Amino acid sequence: MNETEKYVSEICALDVKKAVFSLAAKDSDYKKATVRKISENAFQIERFTSKQAFHENFPAEMLEEKVNSLFPKEFSQAEFFTGEYVYGAKYTKKGALLHNRRKNGSPAAKNGELTHNRVKKHIIDVENMPPVFKELGIMTGDGKIINSKYDKFKQICRFTELINDEVAKDPKETFNIIDFGCGKSYLSFVIYYYFSEILGKKVNITGLDLKKDVIDNCSALAEKYGYNGMNFVCCDIKDYTAKEKPDMVIALHACDTATDIAIARAIDWGAEYIFAAPCCQKEARKMIKPKNFGIITDYGIINERFCAMITDTLRAKLIEYSGYSCDITEFIDMEHSPKNLLLRAKKKISADRYKKAKILSQIQGIKDEFGIDITLSKLLLNK
Ligand SMILES: C[S@@+](CC[C@H](N)C(=O)[O-])C[C@H]1O[C@@H](n2cnc3c(N)ncnc32)[C@H](O)[C@@H]1O
């Protein structure tokens, strides 16, 4: 028995309830694996590719054998959770075994940190999804993500994490949020759960969509699960009147110019936060007529991507013009959605006059060169 096998043997003799394996070998098909005790006599391995999860149940007496097959052959980092301690182990590139132990429930354990390494903590993961997700058709009855919904699941988790980066330190006790083009409202439900259950804040979320059937379904689910702060309205987002000032506006893949309308409404209301991941962007493609750079329209895919990029750049600039700080981030890997940019904005205390003038001239420059003048520009500047 080598040193690592001896370590695994000692760990498996403890009352291990769960283990997490990460830092996959380059040739592994999997990105991560977990082992969970599912009964007195059985464990389950869950292996994750970037899109799917695979499960295998095995008897408790095979724990050591299974752990040896995962660590360090397939994964070079492992954490073993007993009731009292978390045992962290790492097999280095030079073939050394590093390991430590900390109290389970210590701040480091809660944050998933090893003293010599750091495991990313997800705000929302498969194990703590709200129960409504089973009825929304994103999870199976036994709590697994349905394969065809895995990309959407990743999108809403990352979207929520990026919201968390902004609001976790906000002392406000109540948040009013509007989800523009909510569709089946996976995002609204997960954000409701995040604010109410994880942050322990009061949250009112209004989901808006044109489709009556999805709105009726979302309303029925919110009622069934007692989510009193959720409310769904069937309407065109341009016609919606907010009863209370929204603190945050979110829009995940609201079609074409619906994103512009959502942003304009958010700015008109003075919402403090805006999170918008745009969808298809057809508008600029109908307008583009380059004066000097006709080469851009020679290839369909280049033209399409250029129009999408210029649209989002103009949106970000218009948001900044309106007194917000704004950045554009890739909120999810391309494999989970090609529509993977997120405009993330926060209202500033005061606007910078010089900056406003510069932005107006930049917007005019784009109009002069490419003939592009997006809906958001018309909504904000031609009042
Ligand atoms: C691509 S789906 C995205 C749904 C959801 N946000 C998600 O990511 O799963 C876009 C949704 O926006 C809605 N939508 C588009 N234009 C709208 C408008 N003007 N007013 C309200 N809803 C709109 C559509 O009905 C559709 O449900």
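Scroll up to find the structure this text is about.
So, here is what we can say about the structure in this document. (Residues numbered from 1 in each chain as written. Predicted model: local features only at pLDDT ≥ 70, side-chain atom pairs only at ≥ 80, totals over all residues. Heavy atoms only, no water.)

Some remarks on the site of the ligand
Convention followed: Whether a residue is near a molecule or strand depends on its heavy atoms: it is near if one of them lies within 4 Å of it. Here a polar contact means two N or O atoms within 3.5 Å. Within protein one must be a hydrogen donor candidate and the other an acceptor candidate, and residues neighboring in sequence count only if both atoms are side-chain atoms.
As a matter of local geometry, the ligand sits amid 14 residues, with Lys 152, Gly 181, Asp 209, Ile 237 and Leu 252 nearest to it. A distance of 3.4 Å separates a nitrogen atom of the ligand from a polar atom in the backbone of Leu 210. Leu 252 is positioned such that a nitrogen or oxygen atom in its backbone is 2.8 Å from a nitrogen atom of the ligand.

With respect to the pairing of strand β9 (residues 202-209)
The cut-off we apply is this: A 1.4 Å probe rolled over the protein chains alone gives each residue an accessible area, and that area as a share of the maximum for its type sets the label: buried under 20%, exposed over 50%, partly exposed in between. A run of H or I in DSSP counts as a helix once it spans at least four residues, and a run of E counts as a strand once it spans at least two, with each numbered from the N terminus. By the convention used here, strands pair only if DSSP detects at least 2 bridges between them. By definition, the crossover connecting two strands over a helix is right-handed if that path, from the first strand to the second, turns clockwise as seen with the strands pointing away from the viewer.
Burial analysis of β9 places 6 of its 8 residues in the buried class, which makes it a mostly covered element. Both strand β8 (residues 174-180) and β9 contribute to a ladder of 7 bridges, which runs parallel. Opposite Ile 178, over in β9, you have Thr 206 as the bridge partner. Following the backbone out of β8, through helix α6 (residues 186-198) and into the adjacent parallel β9, one traces a crossover that is right-handed. Sheet topology places β9 next to strand β10 (residues 230-234); 5 bridges connect them, and they run parallel. Paired with Thr 206 across the strands is Asn 231, a residue of β10. Once you follow β9 into helix α7 (residues 212-224) and on to β10, the crossover reads as right-handed.

Focus: the pairing of strand β7 (residues 97-103)
Both strand β6 (residues 85-91) and β7 contribute to a ladder of 7 bridges, which runs antiparallel. By the bridge assignment, Lys 90 is partnered in β7 with Leu 98. Connecting β6 to the next strand, β7, in antiparallel fashion are 5 residues, including Gly 95 with a positive phi near 85°.

Brief notes about the packing of helix α10 (residues 300-321) against helix α11 (residues 353-370)
Helix-helix packing is described using two parameters, namely the angle between the two axes and the distance between the axes. Our working definition: An axis is simply a line fitted to the C-alpha atoms; with a helix, the fit covers only the stretch in contact. Between two such axes, the angle follows the N-to-C directions and lies from 0 to 180 degrees. Angles below 35 degrees are treated as roughly parallel, those above 145 as roughly antiparallel, those between 65 and 115 as roughly perpendicular, and all remaining angles as oblique. Less than a right angle of anticlockwise turn of the near helix away from the far helix marks a crossing as left-handed, whereas a clockwise turn marks it as right-handed. Any two residues whose heavy atoms approach within 4.5 Å at even a single point are treated as in contact. Residue type decides the class: Asp, Glu, Lys and Arg count as charged, Ala, Val, Leu, Ile, Met, Phe, Trp, Tyr, Cys and Pro as nonpolar, and the leftover types, Gly among them, as polar.
Direction vectors running N to C along α10 and α11 enclose 155°, while the axes themselves pass 9 Å from each other. With respect to α11, the element α10 is oriented roughly antiparallel. In the packing of α10 onto α11, the handedness of the crossing is left-handed. When α10 is examined against α11, the residues Phe 306, Ile 310, Leu 314, Lys 317, Leu 318, Glu 320 and Tyr 321 are found in contact with a partner set consisting of Lys 355, Lys 356, Ile 359, Leu 360, Gln 362, Ile 363, Ile 366 and Phe 370. Across the contact of α10 with α11, the residue classes tally to 10 nonpolar, 1 polar and 4 charged.

Section: the sheet that holds strand β11 (residues 248-252)
With mixed pairing, the 7 strands of this open sheet are ordered in space as β10-β9-β8-β11-β12-β14-β13. Unpaired on one side and paired on the other, β10 and β13 (324-330) mark the two borders of the sheet. Each strand axis lies, on average, 15° off the axis of its neighbour in the sheet, ignoring direction. Against the sheet, helix α5 (residues 150-167) engages β8, β11, β12 (273-277), β13 and β14 (341-347), with an angle of about 155° to β11.

Regarding the packing of aromatic side chains
To be explicit about the condition: Note on aromatic pairs: the rings of Phe, Tyr and Trp (six-membered ring only in Trp) are paired at centre separations within 6.5 Å, and the planes decide the class, stacked below 30 degrees, edge-to-face beyond 60, tilted for the rest. For a Lys NZ or an Arg CZ to count as sitting over a ring, it must be within 6 Å of the ring centre and within 35 degrees of the ring normal.
Evaluation of the coordinates by the stated rule reveals 20 aromatic pairs. Summarising the aromatic geometry, the rings of Tyr 150 and Phe 153 are spaced 6.0 Å apart at their centres and angled 40° between planes, so their arrangement reads as tilted. In this pair, Tyr 150 and Phe 153 are both assigned in helix α5, 3 residues apart and thus about one turn of the helix distant. Pair check on accessibility: Tyr 150 and Phe 153 agree, each one buried. On the numbers, 5.0 Å between centres and 55° between planes, the contact of Phe 306 with Phe 370 is tilted. Here Phe 306, found in helix α10, pairs with Phe 370, found in helix α11; they are 64 residues apart in sequence, far enough to count as distant. Judged by relative accessible area, Phe 370 falls into the buried class, the value being 7%. These aromatic residues form a ring-pair network of at least three members: Phe 189, Tyr 192, Tyr 225, Tyr 227 and Phe 232. The lysine or arginine in question, Lys 18, covers the ring of Phe 81, its NZ or CZ lying 5.6 Å from the ring centre. Stacked on the ring of Tyr 85, the Lys or Arg Arg 101 has its end atom at 3.7 Å from the ring centre.

Some remarks on the sheet that holds strand β3 (residues 42-48)
If you trace the 7 strands from one edge of the open sheet to the other, you get β4-β3-β2-β1-β5-β6-β7, paired in antiparallel fashion. Each edge of the open sheet is held by one strand with a lone partner, namely β4 (53-59) and β7. With direction set aside, neighbouring strand axes in the sheet form an average angle of 15°. Relative to strand β5 (residues 75-81), strand β1 (residues 18-24) is paired through 6 bridges, and the arrangement is antiparallel. For Ala 19, the partnering residue across the bridge sits in β5 and is Phe 80. Along the sheet, helix α1 (residues 3-12) contacts β5, β6 and β7; its crossing angle with β6, the most-contacted strand, is approximately 165°.

So yeah, pure geometry; function would need other evidence.
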